[in-house]
Amino acid sequence: MNGFPERRRVDSGVLSTILLVAGREFTTRVRNRIYVISTILIIAVIGGFALLQVNVFSKINTTPTYQVGFTPQTAALAGPLRSSTSGVDVHVTRVSSLASGDSQVRSGSLDALVAGTPASPRIVVASGVNGTFQSALLSLVQDNELTAELRASGLDPSKLYARIDRIRVPVQRLKPSHSSGYQQPFIGIVMAIALYIFLGVYGQVIGQGVVAEKSSRVVEILLSTVRSGQLLVGKVAGISAVGLLQVAVIAAAAIVFIVPNHIFSLPGSAVGTIIGGVLWFVLGLLLYAQMIAAMASLVSRSEDVTNATLPVMLVLVIGYLLALGVAVPEATASVSGGELSALAGPTTILSMVPFFAPILMPIRIAASAVPAWQIAVAAVLLVACIVGVALTAARIYSNSVLHFGARVNLLEALRGS
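Quick look at the structure, then. This one's a predicted model, so the numbers in the text were calculated from it and none came from an experiment.

## As for the overall build of the chain
Here is step 1: Check the secondary structure of the chain and you find 16 helices and four strands.
Here is step 2: In the chain, the proportion of contacts linking residues at least 24 apart, taken out of those at least 6 apart, comes to 73%.
Here is step 3: Accessible area of the chain: about 22,100 Å², with a carbon and sulfur share of 64%.

## Concerning the pattern of salt bridges
Here is step 1: Evaluation of the coordinates by the stated rule reveals five salt bridges.
Here is step 2: For R24, the salt bridge is made with E25, and the minimal N-O distance between the two is 3.3 Å. The pair R24 / E25 is uniform in exposure class, with both members buried.
Here is step 3: R301 is the salt-bridge partner of E303, the closest N and O atoms lying 3.5 Å from each other.

## As for the sheet that holds strand β3 (residues 112–116)
Here is step 1: Spatially, four strands are ordered β2-β1-β3-β4 in an open sheet, and the strand pairing comes out mixed. Among the strands making up the open sheet, the edge pair consists of β2 (89–94) and β4 (121–124). Strand after strand, the sheet turns through a mean of 30° between neighbouring axes, direction not considered.
Here is step 2: Examined bridge by bridge, β3 and β4 share four bridges and lie antiparallel to one another. Note on β4: the bridge partner recorded for A115 is R122.
Here is step 3: Helix-sheet contacts for helix α4 (residues 98–107) involve β3 and β4, and the interaxial angle to β3 is about 160°.

## Re the side chain of Q290
Here is step 1: Following the sequence through the fold, Q290 ends up in helix α10 (residues 270–296).
Here is step 2: Those residues in contact with Q290 that lie beyond four places of it in its chain are V233, V236, I386, V389, A390 and A393.

## Considerations on the nonpolar core
Here is step 1: Formed by 64 residues in total, the largest nonpolar core has its most connected members in L231, L287, Y288, I359, L360 and Y397.
Here is step 2: Contributions of two or more residues to this core are made by α7 (183–215), α8 (218–223), α9 (228–258), α10, α11 (305–308), α12 (310–336), α14 (357–367) and α15 (372–400).
Here is step 3: Residues in contact with I359, not counting those within four places in the same chain, are A192, L195, L316, G319, Y320 and A323.

## Focus: the packing of helix α2 (residues 33–55) against α9
Here is step 1: Close contact between α2 and α9 brings their axes to 9 Å; oriented N to C, the two are set at 20°. Taken together, the axis directions place α2 and α9 in an arrangement best described as roughly parallel. Here α2 runs over α9; the crossing is right-handed. From α2, Y35, S38, T39, I42, I43, I46, G47 and A50 reach across to α9, where they touch V242, L245, Q246, V249, I250, A253, A254, F257 and I258.
Here is step 2: Among the residues making up the contact of α2 with α9, the classes are represented as 13 nonpolar, four polar and no charged.

## Overview of the pairing of β3
Here is step 1: Among the five residues that make up β3, four are buried, leaving the element largely enclosed by the rest of the structure.
Here is step 2: Hairpin connection, β3 to β4: the antiparallel pair is bridged by four residues.

## A short note on the side chain of S297
Here is step 1: Residue position: S297 is located in the loop between α10 and α11.
Here is step 2: Relative accessible area serves as the criterion here: at 0%, S297 is assigned to the buried category.
Here is step 3: At 3.0 Å, the side chain of S297 and the side chain of S400 are in polar contact.
Here is step 4: Leave out the neighbours within four places in its chain, and S297 touches V210, K214, I396, Y397, S400 and V401.

## Concerning α2
Residues that lie three or four places apart on an α-helix share one face, since the helix turns once every 3.6 residues.
Here is step 1: Over its 23 residues, α2 runs 32 Å from end to end, which matches the ideal 33 Å to within 8%, given 1.5 Å per residue.
Here is step 2: Taken as a whole, α2 has its buried residues at Y35, T39, I46, G47 and A50.

## Considering helix α5 (residues 131–152)
Here is step 1: Look at α5: 32 Å from first C-alpha to last across 22 residues, which is about the 32 Å you get at 1.5 Å a residue.
Here is step 2: Looking at α5, one finds that the buried residues are F133, A136, L137, L140, V141, T147 and L150.
Here is step 3: Measuring from the side-chain oxygen of the N-cap residue of α5 to the backbone nitrogen of T132 gives 3.0 Å; that N-cap residue is N130.
Here is step 4: Phi for G154, located one or two positions after α5, is positive at around 85°.

## Quick look at the environment of M313
Here is step 1: Relative to the assigned elements, M313 resides in helix α12.
Here is step 2: Along the backbone, M313 and Y288 are 25 residues apart, and their C-alpha atoms lie at a distance of 8.5 Å.
Here is step 3: If we skip the residues at most four places from it in the chain, M313 touches L199, G200 and I292.

## Re the packing of aromatic side chains
Here is step 1: Applying the stated criterion across every chain yields a total of four aromatic pairs.
Here is step 2: With 5.3 Å between their ring centres and 50° between their planes, Y66 and F133 make a pair best called tilted. Here Y66 is found in strand β1 (residues 65–70), whereas its partner F133 is found in helix α5, with 67 residues between them in sequence. Neither Y66 nor F133 differs from the other in exposure class; each is buried.
Here is step 3: Consider the rings of F198 and Y202, whose centres lie 5.0 Å apart with planes at 20°: the pair is stacked. Remark: Y202 and F198 occur in helix α7; sequence separation between them is four residues, near one turn of the helix. The same class applies to F198 as to Y202, namely buried.
Here is step 4: Every member of this aromatic cluster is reached through a ring pair, and the members are F198, Y202 and F281.

How each quantity is defined
Residues numbered from 1 in each chain as written. Predicted model: local features only at pLDDT ≥ 70, side-chain atom pairs only at ≥ 80, totals over all residues. Heavy atoms only, no water. Helix = DSSP H or I, 4+ residues; strand = E, 2+ residues; numbered from the N terminus. Contact = heavy atoms within 4.5 Å. Areas by Shrake-Rupley, 256 points an atom, 1.4 Å probe, with all protein chains shown as cover. Salt bridge = Lys/Arg side-chain N within 4 Å of Asp/Glu carboxyl O. Buried < 20%, exposed > 50% of the residue type's maximum accessible area, 1.4 Å probe, protein only. Pairing = 2+ DSSP bridges. Axes fitted to C-alpha atoms, helices over the stretch in contact; angles between N-to-C directions. Core = buried A, V, L, I, M, F, W, Y, C linked by side-chain atoms within 4.5 Å. Parallel < 35°, antiparallel > 145°, perpendicular 65-115°, else oblique. Left-handed = near helix turned anticlockwise from the far one by under 90°. Nonpolar A, V, L, I, M, F, W, Y, C, P; charged D, E, K, R; others polar. Polar contact = N/O pair within 3.5 Å; in protein donor to acceptor, adjacent residues only side chain to side chain. Expected span 1.5 Å × (residues − 1). Phe/Tyr/Trp six-rings, centres within 6.5 Å; stacked < 30°, edge-to-face > 60°.

This is the structure:
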């Protein structure tokens, strides 16, 4: 029944038992119609956004247009001026005479008229002139005048301009900086937000899964063949794997749709940051998911899951607020020219705390060169905390999962009374 042999203790080893429980949870939930449909819908939304971006949004011209007339005397300026003006889309109109151009400016058919001569043009407008267009025309006339003077002096303007273009001002950095700019800190922030959202969604799924088996008394049958701690770890692993699979499928679809269409570019230097962020993501998931499952086992009704798991979610919210209020400002300061201190500062200390490390450490690593020993210490403390939480959660789960009706007191579950 339910994928387990009845009334027989599974004795093929702890790991194989946990995998058996996880496999049962995974196969049951991954075949769920709602799970499949929601995944397909999210992929469809991403694909639709990519199509709209390529075929609609990217073709919408947000650059302001400027209708400019040129008299026969200034017609030579039209082409160079149009190609050298950035930020304004200059539409060129040839007018037959100055009087015709003035009339079109007065009527509003033209925004401006360029009259005079190429060496000494003037702009005719009804009231105000576009500053970008005016600056572009001034630069063009100045360049033409300089080119004429150079040629009159027997110099080659193209060689002089080439020499000018090769001039560079070197920058000496006294502190190391990341070439990726703001992109890598942004990736760390995204990973922290992703962990928060994922646990907000699948944390409830884990809690509801625990309560569903408890309220239906299925857990009594399961515990006749599987130890309570193995059942808890397997359940958490199976449901978490379902969520990770959905995230992976959606992320792969996003890459397929977005990257080839150049909607979003991913620098090569960010790949390592993403891989590291995923590892911290998984560790954080293992920590918080077990806590959520243990707290959910204290209640017997699905409507009580949210209140039961609220303390765990509050810890996660505190970590998220620390990321926004402390880590992100320090990461921004690091990229702006300084370097995030490796030995001092609130983010450094808080990122070593196991409950906050999965959220804060990816931001630190993405924003600055964090010493390897700090990463190692944070990882060891986090793994040790995961083991401790797993043992504590197994005790709470074992002492409360068979208690039906009223909510079990946490202290009683810990004491085993």
